[in-house]
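Here are the chains, one letter per residue:
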Amino acid sequence: MSTDSKEKVKIIIDGKEVLAPKGENLLKVLLENKAAVPHYCYHPGLSIAGACRMCFVEVEGQPRPLISCNATVSEGMAVKTTTEKVKEIQKWNLAFHLINHPLDCPICDQAGECGLQNYYMKHGKYNSDMQENKVLKRKVISIGDHIMLDTERCILCSRCVRFFDEVPKTSEMAIFNRGDRSEIGTFQDKALNNNYTLNSVDICPVGALTSKDFRFKKRVWFLKDVDSVCPGCSTGCNVTVSFDPIEKRTYRMRPRLNEEVNSYWMCDYGRLRYKQTEPENRILAPLKKVKGNLLPIDWKNAHTEWKEILKESSELAVLVTPQYTSEELEAVYHFFTQTVKTQAIFHTIEAQKLSDAVIDELLLRQDKNPNSQGLLSIAKKYNLENQDLFYFEQQLKTKSWKTLVVFAPQDPQSIPNFLSWLEKGQNISKKILIGTHISHATPFFDLILPTLTFVEKNGTFVNFKNMEQKINAATRSVEEAKPIAEVLCL
Amino acid sequence: MSIHFSEKALKEFKSLELLFDNPRSKLVPTLYLAQREFGHLSPEVIEYIASLMNLSPAKVLEVASFYTMLHKKPVGKYEIQICTNVSCAMMKSRELLAHVEKRLKIRSGETTPDKLFTLRREECLGGCDKAPTLRINDTYHYKVTPEKIDEILSKCKP
Amino acid sequence: MTHVSMKILFEHLEVPQIHTLSTYREKGGYQALEKVLKQMKPEEVISVVSDSGLRGRGGAGFPAGKKWSFVPKDPLKTKYLLCNGDESEPGTFKDRILMEQIPHLVLEGILIAAYAVDCHKAYIYVRGEYTESIATLEKAIEECHAHHLLGEAILGTKFNLDIYVFRGAGAYICGEETGLISSLEGIKGWPKLKPPFPALAGFNRQPTVVNNVETLASVPWIIQNGAAAYKKNGTEKSPGTKLFCLSGPVKNPGTYELPLGFPLKDLIYEVGGGLINNAKLKAVIPGGASAHVLTAEEALKVNLDYESLAAAGSMLGSGGVMVISESQCMVDLLSVIAHFFKHESCGQCTPCREGTGWLEKIILSILHKRGREEDIDLILNITRNMQGGRTVCALADAAAWPVESFVKKFRSEFEHHIKHKRCHLNVH
């Protein structure tokens, strides 16, 4: 049930009156109202555990403080989140969390965004009384392609355990043993085997679960974040892209809450799509074929070439993939229909792949393009929506196109056999590729013009259920790559 | 899978069905059954039980590892559990434990190399009025002195 | 003995073969059940038990009738009755006697309670070590089925009930009612968050009553003799009798049924015959290892009922009375208790999981001559921050209370160990 449909009642948070849905989780409401109540085990996307005991508040009329994650909103409730009693509880609970923690922050990837560090500065700041030997547990355990486990850093909040129980429903993690010997893990350190493992790293409030991809790569405080959308499939999971503005490099991508699309989660496949934006394997400069070899040229020459080709070309066909923003696609369709005056614009959308069904535990869709719906609606506007790849290949047999312009996939892994038919199209004399990546097909082209990946531009992707979602530019990893408008010389 | 329940055990496993409204409630009784069948709950046994009960092996091990009477490691023919809690401690049970450790040349939690004895320091066994109390397998022994335990142990044959 | 008291639970304890159905019935067994099934409505049963003032005998002391009255009357809901025989509180061995020697009394109590709350499936959760209790109960259940006391149409009425015995597997926390429910559900014995309370959403998320063995075993007598007769025993606020488990270095350790309000001094010196070798009394743990320890002086003044022990800063708890003689080093004994709670903490809540281990380590370091002066205050700080609703269940409180009271009441012994790096009694 969405909270909007619930009756709103007045409650008082630290003396301030606010409206909150009756029966709603109290901690959720407190956090939404900017009360900085510390918590580890509570996660809005998971069931309530009530184990970390950090989120105590005082509620008027209640004999003693209670954990807000297991309380619900009721009319007139007066909540105090910063009383001396509450502060004392928070400080001691933090101390309990830390006594057996290894305090290896200098080599911990979580440093800078760690719940223990943050709350220590806010609620702790005591001198440690722990003089005894710590409980030692197992460290550096690989549990799958993407995840490294350190059970000593773990504070046993059970978020990861609940995540695998409740979200991909694989129940692969558990807490073994009991008391202060409790340890999280998989059965016999077996590899996690589902497409959602990296979410456990996001929700781990400490450095117990780290991403092998991100491990030891970057201190988080050097990173900046922008909101974006995953380009991995037609679901369009909302994400945060983290990049180093000085290095101009993207380091990770994490899910961003959107209840209607991906909730708090995203798949491992999608999450690692950011790696396609790295300069390795990218087209770093315009390339021109000279005596069978592709050689870098500058943009001035590239544009001269481009204009020559367009001028000469009476028989020109265009092939577009749905991996460009709606703004880019609109520019493409407009440019070729109005300026170049060709109707031979084809797209690669396979209608049968547009089904709603996911192909993994949760979010990944068969259509590995972020903007199929955007492309379709633009093509429709130009009455070209039926010109798909199948039709193109048919036409190829009869039409005598002289020039082919291809807007290549920005993620070469998404369409592995793309352009495998190129060798057959020998009657086309000029082939131009506009795209981001070097691929097996690159050598077949005469002119190659580099453009921007999803982390380098602003724009719109339309997901499988026709939701328009914005992507935002983070950083330019390839200096010579240009926006489509500039590539086309609009 | 290379291990499986005997027909008799499988029948017993199926009969557990009638006891509970929720199939998962069978887990602890099934682990006991497996322990009786296989001696201890090796990873292989855990995986077998998981497949029988349609649970992930992680969840089965989570339960098995929580309870002290479910053995994850092999246990000797005679499992000696000596209570060292308050009343027994006051009645010299820790001295008794030390005596048995010395006699068997193993520490609490260990098994003799001949796999005859496993020794455990236990918490209250509910025999406080006849302290010190110990159990050998499922039999209670009360007011146990070093002499008495020597006599009992000498009767434990392979 | 100066105190002559009525036997309610142990009335027929000494009767040979009382564990068999025929002997139990010869002694009037199952007449209360018959009365209930044929003459009383469920709510009448609840009101008699409420009127009797019977409180939970497992440790928490919650009024039994009240607990039953919380169960929703909705006939469409499955309700469960769980009899808690996971007796694991150190110093407690009373439920075992009931289960092993008078199993039909326990079953009759379960039958009556089940009728009162409209339950048709009950479980007896017995601690794993009590294999004899399990065997005896299972035998008794079998006898009941053969004589229309269990199963369909009990005693020719419309009431149906099945009782199953569930064997625990070695975890103190499963004696906590929601830990017990978790264990029964095939998950590890982690206590559950409250709310919801078991009476509304317990076993399998259905309305559930969890009652201790002794509590249920008291019910048949109350039904047969009435609430007023029951209240003639004990004190006004703590009516009835209770089983007390006397252990430690006393001459006559054992389980005794005594009226509530019985003087602890008389339990030790008259019933128990005093300490072995007439040693001097140093302290008493009056209600299982969880209870605050009493000094000899406190112990000799206090009566064994809920209110008196609470007023003395301790609790009646499970009725496990552990006597400590003057030759006992309190640092050493506390290390035993601290080890127990560390061993048994389920690990769910941080203050308990970490606090129990931390306390044991500090106490061991004092015991092993590594103690620091500031350790005493540190111990008290830790215990203060483990109790008073800081955790899902009361195990953290139970772990903190003995530590706190040992250190406060026998502080000089701890200080001596720290200052002189040796035991004042030279016992270790």
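Residues numbered from 1 in each chain as written. Chains lettered and ligands numbered in written order. Predicted model: local features only at pLDDT ≥ 70, side-chain atom pairs only at ≥ 80, totals over all residues.

**Here's the deal with the overall build of chain B**
A tally of regular secondary structure across chain B gives seven helices and four strands. Ordered by position from the N terminus, the helices and strands of chain B form the series α-α-α-α-β-α-α-β-β-β-α. Each of the three principal axes of chain B carries a C-alpha extent, and together these read 50 × 35 × 25 Å. Here chain B holds 158 residues, and 40% of them are scored as buried. By sequence separation, contacts in chain B at least 24 residues apart represent 59% of the contacts at least 6 residues apart. (Helix = DSSP H or I, 4+ residues; strand = E, 2+ residues; numbered from the N terminus. Buried ≥ 20, exposed ≤ 12 C-beta atoms within 10 Å, placed from the backbone. Contact = placed C-beta atoms within 7 Å.)

**A closer look at the overall build of chain A**
Each helix and strand in chain A was counted, giving 11 helices and 22 strands. In terms of overall dimensions, chain A has C-alpha extents of about 85 × 50 × 40 Å along its principal axes. Classification of the 490 residues of chain A by burial places 47% in the buried group.

**Overview of the interface of chain C and chain B**
The interface is formed by 45 residues belonging to chain C together with 33 residues belonging to chain B. Sorting the residues of the side of chain C that touches chain B by element identifies β3 (162-167), α8 (177-184), β5 (241-247), β6 (254-259), β11 (320-325) and α14 (330-344) of chain C as the ones contributing at least two each. When residues in the side of chain C that touches chain B are grouped by element, the largest group, six residues, is from α14(C). By residue class, the composition of the side of chain C that touches chain B is 21 nonpolar, 17 polar and seven charged. (Nonpolar A, V, L, I, M, F, W, Y, C, P; charged D, E, K, R; others polar.)

**Details of the interface of chain A and chain C**
If you look at the interface, chain A gives 24 residues, while chain C gives 27 residues. Looking at which element gives the most residues to the side of chain A that touches chain C, the answer is helix α2 (residues 84-98) of chain A, with five residues. Here the side of chain A that touches chain C is built from residues that sort into 10 nonpolar, eight polar and six charged.

**Let's talk about helix α4 (residues 159-166) of chain A**
All names here are of chain A. Among the eight residues that make up α4, six are buried, leaving the element largely enclosed by the rest of the structure. Among the residues of α4, those classed as buried are Arg159, Cys160, Val161, Phe163, Phe164 and Asp165. Tucked inside the fold, the buried residues of α4 contact β8 (173-176), β9 (183-186), α5 (199-203) and β10 (209-211).

**What to know about the sheet that holds strand β5 (residues 78-80) of chain A**
In sheet architecture, strand pairing relies on hydrogen bonds along the backbone and comes in two forms, parallel and antiparallel. Residue and element names in this part refer to chain A. Strand order across the open sheet formed by five strands is β2-β1-β5-β3-β4, with mixed pairing between neighbours. The sheet is open, and its two borders are formed by β2 (16-21) and β4 (66-67), each paired with just one other strand. As defined by bridge partners, strand β1 (residues 8-13) adjoins β2 across six bridges and the pair is classed as antiparallel. Looking across to β2, one finds that Lys10 is bridged to Leu19. (Pairing = 2+ DSSP bridges.)

**What about the domain arrangement of chain A?**
Annotation of chain A at the domain level lists domain 1 (3-96), domain 2 (131-277) and domain 3 (287-487). Computed from C-alpha atoms alone, the centre-to-centre distance between domain 1 of chain A and domain 3 of chain A is 51 Å. (Domains from an automatic or database assignment.)

**A closer look at the nonpolar core**
Ranked by size, the top nonpolar core spans 261 residues in total, and within it C:Leu81, C:Cys83, C:Ile110, C:Ile112 and C:Ala113 carry the most contacts. Here the element with the most residues in this core is helix α6 (residues 103-117) of chain C; it accounts for 11 residues. Once you skip the residues sitting within four places of it in the chain, C:Leu81 turns out to touch C:Ile110, C:Ala113, C:Ala114, C:Val117, C:Cys119, C:Ala122 and C:Val209. If you look at the next biggest cluster of nonpolar residues, it comprises 43 residues, including A:Leu316, A:Val318, A:Leu404 and A:Val406. (Core = buried A, V, L, I, M, F, W, Y, C linked by C-beta atoms within 7 Å.)

**What about the sheet that holds β5(C)?**
If you trace the five strands from one edge of the open sheet to the other, you get β6-β5-β11-β8-β9 (chain C), paired in mixed fashion. Two strands lie at the open edges of the sheet, namely β6 and β9 (294-295) of chain C, each paired on one side alone.

**What to know about the domain arrangement of chain B**
Assigned domains of chain B: these are domain 1 (7-64) and domain 2 (78-154). Relative to domain 2 of chain B, the C-alpha centre of domain 1 of chain B lies at a distance of 30 Å.

**So, the packing of α2(A) against helix α3 (residues 115-124) of chain A**
All names here are of chain A. Two numbers describe how α2 lies on α3: the axes approach to 10 Å, and their chain directions differ by 145 degrees. Two packed elements cross with a definite hand, and for α2 against α3 that hand is left-handed. Touching Lys87, Gln90, Lys91, Leu94, His97 and Leu98 of α2 are Leu116, Tyr119, Tyr120, His123 and Gly124, all from α3. Counted by class, the contact of α2 with α3 contains five nonpolar, four polar and two charged residues. (Axes fitted to C-alpha atoms, helices over the stretch in contact; angles between N-to-C directions. Left-handed = near helix turned anticlockwise from the far one by under 90°.)

**So, the environment of C:Ile124**
Residue and element names in this part refer to chain C. Along the polypeptide, Ile124 turns up in strand β2 (residues 121-126). Here Ile124 falls in the buried class, since 27 other C-beta atoms lie within 10 Å of it. Along the backbone, Ile124 and Leu82 are 42 residues apart, and their C-alpha atoms lie at a distance of 5.9 Å.

**A word on the pairing of β2(C)**
Residues and elements named next belong to chain C. Taking burial as the measure, the six residues of β2 include six buried ones, the bulk of the element. Residue alternation in β2 divides its side chains into two sets, Lys121, Tyr123 and Tyr125 and Ala122, Ile124 and Val126, and both sets are buried. Strand direction decides the pairing type here: β2 and β3, joined by six bridges, are parallel. The residue bridging Tyr123 from the neighbouring strand is Tyr164, located in β3. Chirality of the crossover, the property in question, places the unit of β2, helix α7 (residues 131-146) and β3 among those that are right-handed. (Right-handed = clockwise from strand over helix to strand, strands pointing away.)

**Some points on unusual backbone geometry**
In this structure, the amide linkage connecting B:Ala131 to the following residue, B:Pro132, adopts the cis form with an omega of -5 degrees. In this fold, B:Pro132 is placed in the loop between β2 (117-122) and β3 (134-136). Look at the link from C:Pro195 to C:Pro196: it is a cis peptide, with omega at 0 degrees. Despite not being glycine, A:Lys169 shows a phi value in the positive range, around 55 degrees. Checked against the element boundaries, A:Lys169 lands in the loop between α4 and β8.

**Re the environment of C:Glu100**
Structurally, C:Glu100 is set in helix α5 (residues 94-101). For C:Glu100, the residues in contact, after removing those within four places along its chain, are C:Glu132, C:Ser133 and C:Thr136.

**Some thoughts on the packing of helix α2 (residues 31-39) of chain C against helix α10 (residues 213-231) of chain C**
All names here are of chain C. With their axes 8 Å apart at the nearest point, α2 and α10 run at an angle of 65 degrees to one another. The orientation of α2 relative to α10 falls into the category roughly perpendicular. You can see that α2 and α10 cross each other, and the crossing is left-handed. Here Gln31, Ala32, Lys35 and Val36 of α2 lie close against α10, whose contacting residues are Pro220, Ile223 and Gln224. In terms of residue class, the contact of α2 with α10 is made up of four nonpolar, two polar and one charged. (Parallel < 35°, antiparallel > 145°, perpendicular 65-115°, else oblique.)

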